[in-house]
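Letter by letter, the chains look like this.
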Number of protein chains: 2
Amino acid sequence: MNLTKLLKPRSVAVVGASEKVGFGGDSCRNILDNVEDVSRIYFINPKRDEVLGHKCYPSIDAIPDTLDLLIICTPQNTVIPLLEEGAAKGVGGAVVYASGYGETGTGEGRNNEKELMEAAERLNIAVMGPNCAGFINFTDDIYSFAFLSEKRDRKGSVGIISQSGQLCLSMMDDPGMRFSYTISAGNAKCVRMEDYMEFLIEDENTKVVGLYIEGVKAPGQFVRALKRASELKKPVVILKAGRSEKGGAIAASHTGSLSGSDKAFDAVLNKFGAIRVDDLEELIAMTMLLSTLNCLPAKPTVAAMCLSGGETGICADVGSLYNIKYPDFAPETLEELRRQLPSYATPNNPLDMTASLSYDAELYANALRTVISDQNVGMVIIGYTLLNEIADPAIHYMYKGIEKVLSENLGKPIAMLPFAENTRNREYQEKLFKIGVPILPPPVYAFKLLGYLSKYVEYQTKERTLELMLPERTPEKFTALSEYSSKMLLKDFGVPVADSIIAKTTDEAVEYWKRVGGKLVMKIESADVLHKSDVGGVALNIEGEEGIRRAFDTVMTNVRSKRPDANINGILTAPMLKQGVEMIVGVSNDPQFGPMIMVGMGGVFVEVFKDVALYPAPLCKAEALEMLMSLKSFPLLKGARGNKVCDLDALCETIVAIGNFAVSHKDTLKELDINPLFVYAEGEGVGVADALIVLEQ
Amino acid sequence: MNLTKLLKPRSVAVVGASEKVGFGGDSCRNILDNVEDVSRIYFINPKRDEVLGHKCYPSIDAIPDTLDLLIICTPQNTVIPLLEEGAAKGVGGAVVYASGYGETGTGEGRNNEKELMEAAERLNIAVMGPNCAGFINFTDDIYSFAFLSEKRDRKGSVGIISQSGQLCLSMMDDPGMRFSYTISAGNAKCVRMEDYMEFLIEDENTKVVGLYIEGVKAPGQFVRALKRASELKKPVVILKAGRSEKGGAIAASHTGSLSGSDKAFDAVLNKFGAIRVDDLEELIAMTMLLSTLNCLPAKPTVAAMCLSGGETGICADVGSLYNIKYPDFAPETLEELRRQLPSYATPNNPLDMTASLSYDAELYANALRTVISDQNVGMVIIGYTLLNEIADPAIHYMYKGIEKVLSENLGKPIAMLPFAENTRNREYQEKLFKIGVPILPPPVYAFKLLGYLSKYVEYQTKERTLELMLPERTPEKFTALSEYSSKMLLKDFGVPVADSIIAKTTDEAVEYWKRVGGKLVMKIESADVLHKSDVGGVALNIEGEEGIRRAFDTVMTNVRSKRPDANINGILTAPMLKQGVEMIVGVSNDPQFGPMIMVGMGGVFVEVFKDVALYPAPLCKAEALEMLMSLKSFPLLKGARGNKVCDLDALCETIVAIGNFAVSHKDTLKELDINPLFVYAEGEGVGVADALIVLEQ
């Protein structure tokens, strides 16, 4: 959808212009207070000649200009006629503040919304809202916003889309935030959240995109947008309600978005390197961090420089909570620091510089340069406790030192870390912002954000399949395939399944054994019997002609007596797999984002520790390995506790193959379960012991 | 140590009174700016008749009054003579700002410190510092503080002790903090941190004690103080550096405290219900929360009331990250809320009230009363996004509603939750404070704090052994006991060890088998052979006379050939234990806090997942059960995955018995390891399969 006339209009008309408190008055005030060139801004109110000193027209039709954007401040029942009138003047975008639509939960509201959507489409107008707070385009000074905020320069490079007007206002109210756009999308039923995303990702004045969303309505478009952001290396930071069970219920009741699983949503963000945050403070601080830094760190390692032991300890401890990597300084750095710091200081990372250098810009710059130049260091965090009364001298010199080092273009970013909310010192926040140094929130938030940043930096360097296979239809009527059928389907996709037969008679089983030798496993083969062991349908470690005959008969007799109704295909006869490390690999099919691959270690790991990784298909071997490495039980695959090192290469290949199978069956697959998948020692591959596929057939 | 003359002096002399910037000038300014009655405050400076309009004396001796407290603003070399002079005038407390002591890390500094400590003891003066920023007693208006802060009413009920002057200042600078005392203890070599703790815990104007410490120097006193606080139900909130490996190294290098394990420190705080926080912001916000609330919740359950779906979702999601319990509302609450809220609202916990009630104090109070009266709700959190421009009307009505409900004394606390730093609205913070409603920091911090509060509330209701058995001496020269000796020692303390013998001959073994029957385990019995299996020293599942004879000979031959040096006592012969759930129970002996009991599930749980609980001995069954319940693997003991429900009662009794053993051997025990301890089904007890004790003998 083309949003140019909506978000970058050349001419604007405000319908319902007024001097009163309310949509009309506040929209007019916002424009007159903030916009320099009002020559192509038109106010409309049939009852007034002038509003706030600006000429007023009686109707849209009376305006002697073509129009791009209509800001509609009048009630719901006036909207469609106004759109029609506007269309005749060239209008291509409209903001509808009015409520009385889907958000009411009534039939009448839903009907109003439907009529609005139809009118918008018919008239080819990109309608923002309804029931929205509007937007501000800070780059071009376009104010179409229904609420007043403190007047202040907010021009910057964070583009915000919010499904909540209140949260949008909170972000605008933060004294450190600077925006390209803020968009409070309201019901987002005509122009959708995903349309705004695509616009901001392409917008050259937007360096970081921040979203508050309650759900995704157009998964395909959402994924395309994420992919494009990933290609452009433009960070997308997302706050989405619904991480917890209760949160999910609230988000669903609030927006009625078709709700896939929240874990699948997470997995999709992981694939495209989008950053998911947990609350509004994180959304604010993370977008501010990313938009302020002159450059991103080339590697996710941090050096912290503090002025006291207490602060240094906090950096070490809270950093470790969020797995921040503090590399050891290189020997030459240590030597240099020993020369620069007082004798009682111990150079280390995190570094307690003591307060002694903070009153001399030159000395401070030297120490900072030494630390930031260390080859192991990706970025520098400067601990910063500067109080109201005693602040000025120290921060002045620290600032001068930082400015000097940054001017030398060493290509590594710096951020400031206050240790409590009240030590932020807003005056210097402004100065530091101008040289590309953000001030982080206090440590628990700050190190969480640095954790997100580290993950983002690592993401940039990894191989990915930047695609997703969304289901095109919703399958119905599922069938569980038998183990044999399941395995044969997987085999076609390269999953290493041992040769096996369905023996219809004892002779066939015996003949098979004579051919392959060794010990066999014999299991009832029937799509009607899913829990084979429960009905005596499995015989293990069978060998010898007599043994095979006996096992065949026993299994048949057991199943026939316990499940006389079952349609039996025969006995699945296969070599007995040797025991390996037990993994579970599964596929679930998310209604929004399609097949999701699940991997975990068998037994207690999945069931008690919920130690599983989820990732959207398709995936490559590097992505499969990343899944495995994210498991807490991963050390067991790498030889912990005297285990052999497992054949990770074969395991990753198998996961990729399962992903390919899932993608090919995205419109028919319900679920797939390989449990267990034995993983053997390096070079010895994997073995599929059991498999179950549930498909629409 | 009696701190009355130091912290609650009736008369004060400032030595080195001055008008310049620095210790002397700032101390005088602090007093004159903040203290109403200066009639018994004496300034001393031989060069001045008056300082800042206050009369100046040439020497201590010249003061026509007895003195309690000496504030020494002059350099290190003047201190001891001044203390001597002061003692003659009755001085019992002194604050020493000067540096040049232990903190320099030099021999000279350490020597100066030693001389100061000796003088303080000889003269019976409680000396604060040296190298400290001093203290303020807000209750009695005693200012002995070396740095200036913004002038503001800070009188309240938080007592702070800080080993860092900078962090102490940061706390004082927080506009919401109100104190009984702030103490920046400096090197704390004369009066120790633990002395201040005891003072504040007994102080009736102190409702909450907050500590920033780098280590504990007097563990016995520290524990006594914690015990007393626990008995008085006075919360103690502690920020201690050293949670991480790097943090521990920094703390150790900074203070030189004898450093026990940080995990043992945590376990001690758990036992006494002290609250450990992760950074300065948490220390500030947690002490503010506890000191502001009119009452603590009777149970650790929360209801959240918000004005928008976005905020409600954040409460649900971030709450779940910190295991906040949001109980379902009772049916009558739901019914009532359905009447009170607009039709499109869905009553639920967390509750999205929508914004519709926030402009009517009466309606708001009704909804709040309905929620807070719910029998399942322990406390209420009110989501609060109030911006600068649009804030006033809503917060006014919300405030009125909250005030009304609180005036009805329903006995449950309320706290406000802003969603971003900038929506705190300081003016209302003051008003809300006065009615006992704290404003929390943004959600990630807020819910972490509510998690601490929940744990504290749960602690209050549980049975505890409020004691610790600190080692009185450091054992040397350890001996590893043989399995038999280890088991026999444990048996005396009630650990259920199966009857066994040390068979010296095959006949003895056979005779034993004839008596007990069943299958036996036979293991080499030698204190010299710790890894018995490695030398063929173990035979399992042995039965029958011949089997026993063969096993005896095999084990003996194996060990004699592989360990010809070993001193062999015979063959430990015991009934073969049936397999149970494998637990590991161990004891380590912390150099500061004595025996710590460790419990975990055997195998990967301890080694890969580090899933262990640590608790100081002695302990009762309720505490043992709490340890088990804190394990991630606890569901496996409760019957997860089709396991039998384990005999938790017997397991807890065994843990208590091991604790008793450890306490009795606190001065000689190095470590104890029972691995595995089999736990059987309910009613079937436990079995000690192997045990190792390392003791000084």
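Quick summary incoming for the structure in this document. Worth saying up front: this structure is predicted, and the values here are computed from it rather than measured. (Residues numbered from 1 in each chain as written. Chains lettered and ligands numbered in written order. Predicted model: local features only at pLDDT ≥ 70, side-chain atom pairs only at ≥ 80, totals over all residues. Heavy atoms only, no water.)

## Notes on the overall build of chain A
Consideration 1: Across its full length, chain A carries 23 helices and 29 strands.
Consideration 2: In terms of principal-axis extent, the alpha carbons of chain A reach across some 105 × 80 × 35 Å.
Consideration 3: When the accessible surface of chain A is split by element, carbon and sulfur atoms take 49% of a total near 26600 Å².
Consideration 4: Each charge class in chain A can be summarised by its mean position, and for the 73 positive and 91 negative side chains these summaries are 2 Å apart. (Helix = DSSP H or I, 4+ residues; strand = E, 2+ residues; numbered from the N terminus. Areas by Shrake-Rupley, 256 points an atom, 1.4 Å probe, with all protein chains shown as cover. Lys, Arg positive; Asp, Glu negative; His and termini not counted. Charge placed at Lys NZ, Arg CZ, Asp CG, Glu CD.)

## Here's the deal with the nonpolar core
Consideration 1: Ranked by internal contacts, the top residues of the largest apolar core, which has 228 residues, are Leu6 and Phe222 of chain A together with Leu6 and Phe222 of chain B.
Consideration 2: Looking at this core element by element, the count peaks at 11 residues for helix α16 (residues 443-460) of chain B.
Consideration 3: Those residues in contact with Phe222 of chain B that lie beyond four places of it in its chain are Met193, Glu194, Met197, Leu211, Ile213, Val216, Ile238, Phe265, Leu269 and Phe593 of chain B.
Consideration 4: Tyr615 and Ala657 of chain A together with Met627 and Ala657 of chain B belong to the second largest nonpolar core, which has 97 residues in total. (Core = buried A, V, L, I, M, F, W, Y, C linked by side-chain atoms within 4.5 Å. Buried < 20%, exposed > 50% of the residue type's maximum accessible area, 1.4 Å probe, protein only. Contact = heavy atoms within 4.5 Å.)

## Concerning the relation of the copies chain B and chain A
Consideration 1: After a rotation of 180° and a shift along the axis of 0.1 Å, chain B superposes on chain A with an RMSD of 0.1 Å. Such a turn and shift between the copies fits a two-fold axis.
Consideration 2: Same-surface contact between copies: 100% of interface residues of chain B are shared with the interface of chain A. (Least-squares fit on C-alpha atoms with pLDDT ≥ 70 in both.)

## Some thoughts on the interface of chain B and chain A
Consideration 1: Taken together, the 83 residues of chain B in the interface contact 84 residues of chain A.
Consideration 2: With both chains or domains summed, chain B and chain A bury close to 6200 Å², and 60% of this area falls on carbon and sulfur atoms.
Consideration 3: Area buried by chain B at its contact with chain A is led by Glu421, Phe609 and Arg641 of chain B, which between them contribute 11% of it.
Consideration 4: Linking chain B with chain A are zero salt bridges, by the criterion used here.
Consideration 5: Here chain B is connected to chain A by 22 residue pairs in polar contact (both at pLDDT 80 or more).
Consideration 6: Sorting the residues of the side of chain B that touches chain A by element identifies α5 (165-173), β13 (236-240), α8 (245-255), α10 (280-292), α11 (309-321), α16, α20 (604-607) and α22 (634-637) of chain B as the ones contributing at least two each. (Buried area = accessible area lost by both parts, 1.4 Å probe. Salt bridge = Lys/Arg side-chain N within 4 Å of Asp/Glu carboxyl O. Polar contact = N/O pair within 3.5 Å; in protein donor to acceptor, adjacent residues only side chain to side chain.)

## Regarding the packing of helix α7 (residues 219-232) of chain B against helix α9 (residues 262-272) of chain B
Packed helix pairs are characterised by how far apart their axes lie and by the angle those axes make with each other.
Residues and elements named next belong to chain B.
Consideration 1: Direction vectors running N to C along α7 and α9 enclose 30°, while the axes themselves pass 9 Å from each other. The angle between α7 and α9 falls in the class roughly parallel. Taking contact as the criterion, the partners of Phe222, Val223, Leu226, Lys227 and Ser230 in α7 are, on α9, Phe265, Val268, Leu269 and Phe272.
Consideration 2: Within the contact of α7 with α9, the residues separate by chemical class into seven nonpolar, one polar and one charged. (Axes fitted to C-alpha atoms, helices over the stretch in contact; angles between N-to-C directions. Parallel < 35°, antiparallel > 145°, perpendicular 65-115°, else oblique. Nonpolar A, V, L, I, M, F, W, Y, C, P; charged D, E, K, R; others polar.)

## Here's the deal with the environment of Pro219 of chain B
Residue and element names in this part refer to chain B.
Consideration 1: Residue position: Pro219 is located in helix α7.
Consideration 2: On the accessibility criterion, Pro219 (16% relative accessible area) is buried.
Consideration 3: Residues Pro219 and Pro591, 372 residues apart in the sequence, show an inter-C-alpha distance of 9.6 Å.

## Quick look at the pairing of strand β2 (residues 41-44) of chain A
Residues and elements named next belong to chain A.
Consideration 1: In β2, alternate side chains face the same way, and those of Ile41 and Phe43 on one face and Tyr42 and Ile44 on the other are all buried.
Consideration 2: Where β2 meets strand β4 (residues 54-57), two bridges bridge the pair, whose relative direction is parallel. Across the sheet, the residue bridging to Phe43 is Cys56, located in β4. (Pairing = 2+ DSSP bridges.)

## Remarks on unusual backbone geometry
Trans is the common state for peptide bonds, and a negative phi is the common state for residues other than glycine.
Consideration 1: Cis geometry is found at the peptide bond from Asn349 of chain A to Pro350 of chain A, where omega equals 0°.
Consideration 2: Considering the arrangement of structural elements, one finds Pro350 of chain A in the loop between α12 (331-340) and β16 (351-352).
Consideration 3: In the segment running from Gly129 of chain B into Pro130 of chain B, the intervening peptide bond is cis, with an omega of -5°.
Consideration 4: Structurally, the position occupied by Pro130 of chain B is in the loop between β7 (126-128) and β8 (134-137).
Consideration 5: Of note, Asn131 of chain B is a non-glycine position whose phi angle comes to about 60°, a positive value.
Consideration 6: Here Asn131 of chain B is to be found in the loop between β7 and β8.

## Regarding the sheet that holds strand β18 (residues 414-417) of chain B
Residues and elements named next belong to chain B.
Consideration 1: In space, the four strands of this open sheet follow the order β16-β15-β17-β18, with parallel pairing throughout. At either margin of the open sheet sits one strand with a lone partner, and together these are β16 (351-352) and β18.
Consideration 2: Relative to β18, strand β17 (residues 379-383) is paired through four bridges, and the arrangement is parallel. Counterpart to Ile382 in the pairing with β18 is Met416.

## Considering the sheet that holds strand β21 (residues 520-525) of chain B
Residue and element names in this part refer to chain B.
Consideration 1: Strand order in the open sheet made by the four strands is β20-β23-β21-β22, with antiparallel pairing throughout. Looking at which strands have only one partner, the edges of the open sheet turn out to be β20 (501-503) and β22 (538-542). Averaged over all neighbouring strand pairs, the angle between strand axes comes to 30°, with direction disregarded.
Consideration 2: Of the pairings in the sheet, the one linking β21 to strand β23 (residues 570-575) comprises six bridges and is antiparallel in character.

## Quick notes on helix α3 (residues 79-88) of chain B
All names here are of chain B.
Consideration 1: Within the span of α3, buried status applies to Val79, Leu82, Leu83 and Gly86. Burial along α3 is one-sided: seen end-on, the buried residues are contained in an arc of 100°.
Consideration 2: The elements touched by buried residues of α3 are β1 (12-15), β5 (69-72), β6 (93-96), α4 (107-123) and β7.
Consideration 3: Two residues or fewer after α3 comes Gly90, characterised by a positive phi angle close to 95°. (Arc of directions from axis to C-beta.)

## Regarding the state of the cysteines
Note on terminology: disulfide describes a covalent bond linking the sulfur atoms of two cysteines.
Residues and elements named next belong to chain A.
Consideration 1: According to the stated counting rule, one finds zero disulfides over all chains in the structure shown.
Consideration 2: Looking at the unpaired Cys56, the closest cysteine sulfur is the one in Cys28, lying at 7.2 Å.
Consideration 3: When its relative accessible area of 5% is taken as the criterion, Cys56 is described as buried. (Disulfide = S-S within 2.5 Å.)

## Brief notes about helix α15 (residues 426-434) of chain B
An α-helix turns once every 3.6 residues. As a result, residues three or four positions apart point the same way.
Residues and elements named next belong to chain B.
Consideration 1: Burial in α15 covers these residues: Tyr428, Gln429 and Leu432. When α15 is viewed along its axis, its buried side chains cluster within an angular range of 115° and face the same direction. In α15, the exposed positions angled more than 90 degrees off the buried face are occupied by Glu427 and Lys434.
Consideration 2: Just beyond α15, the residue with positive phi is Gly436, at close to 85°.

## Digging into the environment of Asp33 of chain B
Consideration 1: Looking at where Asp33 of chain B falls in the secondary structure, it is placed in helix α2 (residues 23-34).
Consideration 2: As a C-alpha pair, Asp33 of chain B and Tyr143 of chain B span 110 residues in sequence and 9.7 Å in three-dimensional space.

## Quick word on the side chain of Arg178 of chain B
Residues and elements named next belong to chain B.
Consideration 1: Mapped onto the elements, Arg178 comes out in the loop between α5 and β11 (179-184).
Consideration 2: Only 3.0 Å separates the side chain of Arg178 from the backbone oxygen of Gly176, close enough to count as a polar contact.
Consideration 3: In this structure the side chain of Arg178 is engaged in a polar contact, spanning 2.6 Å, whose partner is the side chain of Glu430.
Consideration 4: Residues in contact with Arg178, not counting those within four places in the same chain, are Arg154, Lys155, Gly156, Ser157, Val158, Glu430 and Phe433.

## A look at the environment of Lys400 of chain B
Residues and elements named next belong to chain B.
Consideration 1: By the element assignment, Lys400 lies in helix α14 (residues 391-407).
Consideration 2: Owing to a relative accessible area of 36%, Lys400 belongs among the partly exposed residues under this scheme.
Consideration 3: It is 26 Å that separates the C-alpha atoms of Lys400 and Pro300, two residues lying 100 residues apart in sequence.

## Looking at the pairing of strand β27 (residues 669-679) of chain A
All names here are of chain A.
Consideration 1: Bridge count for strand β24 (residues 581-590) against β27 is seven bridges, and the pairing is antiparallel. In the strand pairing of β27, Gly586 is matched with Asp673.
Consideration 2: As paired strands, β27 and strand β29 (residues 691-696) are joined by five bridges and run antiparallel to one another. If you follow Ile674 over to β29, its bridge partner there is Ala691.
Consideration 3: Here β27 pairs with strand β28 (residues 686-688) via three bridges, running antiparallel. Of the residues in β28, the one forming a bridge with Phe678 is Gly687.

## With respect to the packing of aromatic side chains
Consideration 1: Counted under the stated rule, the structure contains 26 aromatic pairs over all chains.
Consideration 2: Ring plane angle 90° and centroid distance 5.4 Å describe the contact between Tyr181 of chain B and Phe199 of chain B, whose orientation is recorded as edge-to-face. With a gap of 18 residues between them, Tyr181 of chain B in strand β11 and Phe199 of chain B in helix α6 (residues 193-202) connect regions that are remote in the sequence. Grouping residues by exposure puts Tyr181 of chain B and Phe199 of chain B together as buried.
Consideration 3: Among the aromatic side chains, those forming a connected cluster through ring pairs are Phe605 and Phe609 of chain A together with Phe605 and Phe609 of chain B.
Consideration 4: In this arrangement the basic side chain of Lys578 of chain A is found over the ring face of Tyr680 of chain A, its NZ or CZ atom lying 4.8 Å from the centre.
Consideration 5: Here Arg178 of chain B stacks its cationic end above the ring of Phe433 of chain B, 3.6 Å away from the centre of that ring. (Phe/Tyr/Trp six-rings, centres within 6.5 Å; stacked < 30°, edge-to-face > 60°. Lys NZ or Arg CZ within 6 Å of the ring centre and 35° of its normal.)

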